[in-house]
Amino acid sequence: QVQLVESGGGLVQAGGSLRLSCATSERTFSNYPMGWFRQAPGKEREFVARIGRNGISTYYADSVKGRFTISRDNAKNTVSLQMNSLKPEDTAVYYCAAQNPYKVRADQEENYDFWGQGTQVTVSS
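Heads up: these notes are all about the structure in this document. Every chain is numbered on its own, with residues counted from 1 as its sequence reads. In view of the model being predicted, local features appear only for residues whose pLDDT reaches at least 70, and side-chain atom pairs are presented and counted only at 80 or more, with totals across whole chains, interfaces and linings using the full set of residues. Side-chain metrics rest on all non-hydrogen atoms present in the structure, leaving aside hydrogens and water.

**Considering the overall build of the protein chain**
Here's step 1: Counting secondary structure elements, the protein chain contains zero helices and eleven strands.
Here's step 2: Each helix is a run of DSSP H or I of at least 4 residues and each strand a run of E of at least 2, with the numbering of both proceeding from the N terminus. Secondary structure of the protein chain in N-to-C order comes out as β-β-β-β-β-β-β-β-β-β-β.
Here's step 3: Here the globule rule reads 2.2 Å times residues to the power 0.38, and the radius of gyration is calculated from C-alpha atoms. Computed over the C-alpha atoms, the radius of gyration of the protein chain is 13 Å, within 12% of the 14 Å expected from 2.2 N^0.38 for a compact globule of 125 residues.
Here's step 4: Dimensions of the protein chain, computed from C-alpha atoms along their principal axes, come out at roughly 40 × 25 × 25 Å.
Here's step 5: Sorting the 125 residues of the protein chain into buried and exposed places 45% on the buried side.
Here's step 6: By the convention used here, residues are in contact when the closest approach between their heavy atoms is within 4.5 Å. If you take every contact in the protein chain between residues at least 6 apart in sequence, the share linking residues at least 24 apart comes to 58%. Each residue gets one of three labels from its accessible area relative to the maximum for its type: buried under 20%, exposed over 50%, partly exposed in between, using a 1.4 Å probe on protein chains only.

Here you go:
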């Protein structure tokens, strides 16, 4: 069982920035592509970003492309999400997740085996 712990959420004004982090003690962390999802009140959870095992390949939802950057440090077993130019519609609980390395689609939550508990991001207008 891979345990993931997110941090870095909070309240920020529109146009501001936040950096989310997700940490694990799992020694096989580098075996997993990692993703970020979010769930706004009254809405279904949606894909935000995903990074490959080696940290080179990245993939973003259109809604965050150009504003968010996903990165990872396999030596420290962490994955981060830098969020710039935040908008009120970015308000949500953000989750990091470990993707099943044998599944292809990065934007489908059913392809992710392990999830963090989530961290709240609130963007005020």
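On we go from here.
**Description of the packing of aromatic side chains**
Here's step 1: Within 6.5 Å between ring centres, the rings of Phe, Tyr and Trp (the latter by its six-membered ring) count as paired, and their orientation is classed by plane angle as stacked under 30 degrees, edge-to-face over 60, tilted in between. Enumeration according to the criterion identifies seven aromatic pairs in this entry.
Here's step 2: Cluster of aromatic residues (ring-pair linked, three or more members): Phe-37, Phe-47, Tyr-59, Tyr-95, Tyr-112 and Trp-115.
Here's step 3: Throughout this description, the term charge over a ring refers to an Arg CZ or Lys NZ atom that lies within 6 Å of the ring centre and within 35 degrees of the ring normal. Its end group placed over the ring of Trp-115, Arg-45 keeps NZ or CZ at 3.8 Å from the ring centre.

**Digging into the state of the cysteines**
Here's step 1: Any cysteine sulfur atom paired with another within 2.5 Å is treated as part of a disulfide. The tally for this structure, following the rule as stated, stands at one disulfide.
Here's step 2: Sulfur-sulfur distance for the disulfide between Cys-22 and Cys-96 comes to 1.9 Å. One disulfide, between Cys-22 and Cys-96, carries an S-S torsion of 45° and so falls in the right-handed class. A residue pair is termed long-range when its members are at least 10 positions apart, and Cys-22 in strand S3 (residues 18-23) and Cys-96 in strand S9 (residues 92-99) qualify at 74 residues.

**Some words on the nonpolar core**
The tendency in soluble globular proteins is for nonpolar side chains to be buried as a group.
Here's step 1: What we call a nonpolar core is a set of buried Ala, Val, Leu, Ile, Met, Phe, Trp, Tyr and Cys residues that are connected through their side-chain atoms within 4.5 Å. Trp-36, Leu-81, Met-83 and Tyr-94 are the most contacted members of the largest nonpolar core, which has 35 residues in total.
Here's step 2: Elements with a contribution of two residues or more to this core: S3, strand S4 (34-39), strand S5 (46-51), strand S7 (68-73), strand S8 (78-83), S9, strand S10 (112-115) and strand S11 (119-124).
Here's step 3: If one sorts the elements of this core by residue count, S9 sits on top with five residues.
Here's step 4: Setting aside chain neighbours within four positions, we find Tyr-94 in contact with Glu-6, Leu-20, Trp-36, Phe-37, Arg-38, Val-48, Phe-68, Leu-81, Met-83, Gly-118, Thr-119 and Val-121.

**Let's talk about the side chain of Arg-72**
Here's step 1: Tracing the chain through its elements places Arg-72 in strand S7.
Here's step 2: Charge counting treats Lys and Arg as positive and Asp and Glu as negative, with His and both chain ends excluded. Within this document, salt bridges are pairs made up of a side-chain nitrogen of Lys or Arg and a carboxyl oxygen of Asp or Glu, the two lying within 4 Å of each other. Buried Arg-72, no salt bridge; nearest opposite-charge side chain is Asp-73, N-O distance 8.2 Å.
Here's step 3: Contacts described as polar in this section are N or O atom pairs within 3.5 Å, which, within protein, must combine one atom able to donate a hydrogen with one able to accept it, while residues neighboring in sequence count only if both atoms come from side chains. A distance of 3.1 Å separates a polar side-chain atom of Arg-72 from the backbone oxygen of Phe-29.
Here's step 4: Engagement of the side chain of Arg-72 in a polar contact is seen with the side chain of Asn-74, the distance being 2.8 Å.
Here's step 5: Once residues lying within four places of it in the same chain are set aside, the contact partners of Arg-72 are Phe-29, Ser-30, Tyr-32, Pro-33, Met-34, Ile-51, Gly-52, Arg-53, Gly-55, Thr-78 and Val-79.

**Side note on the sheet that holds S3**
Here's step 1: Think of it this way: DSSP has to see at least two bridges between two strands before they count as a pair. Read across the open sheet, the four strands follow the order S1-S3-S8-S7; overall the sheet is antiparallel. Strands at the two margins of the open sheet, each flanked by one partner only, are strand S1 (5-7) and S7. Between one strand axis and the next, the sheet turns through 15° on average, direction left out of account.
Here's step 2: As defined by bridge partners, S3 adjoins S8 across six bridges and the pair is classed as antiparallel. Across the sheet, Leu-18 pairs through a bridge with Met-83, a residue of S8. Lines are fitted to the C-alpha atoms to define the axes, a helix being fitted only along its stretch in contact, and any angle between axes, read from their N-to-C directions, falls within 0 to 180 degrees.

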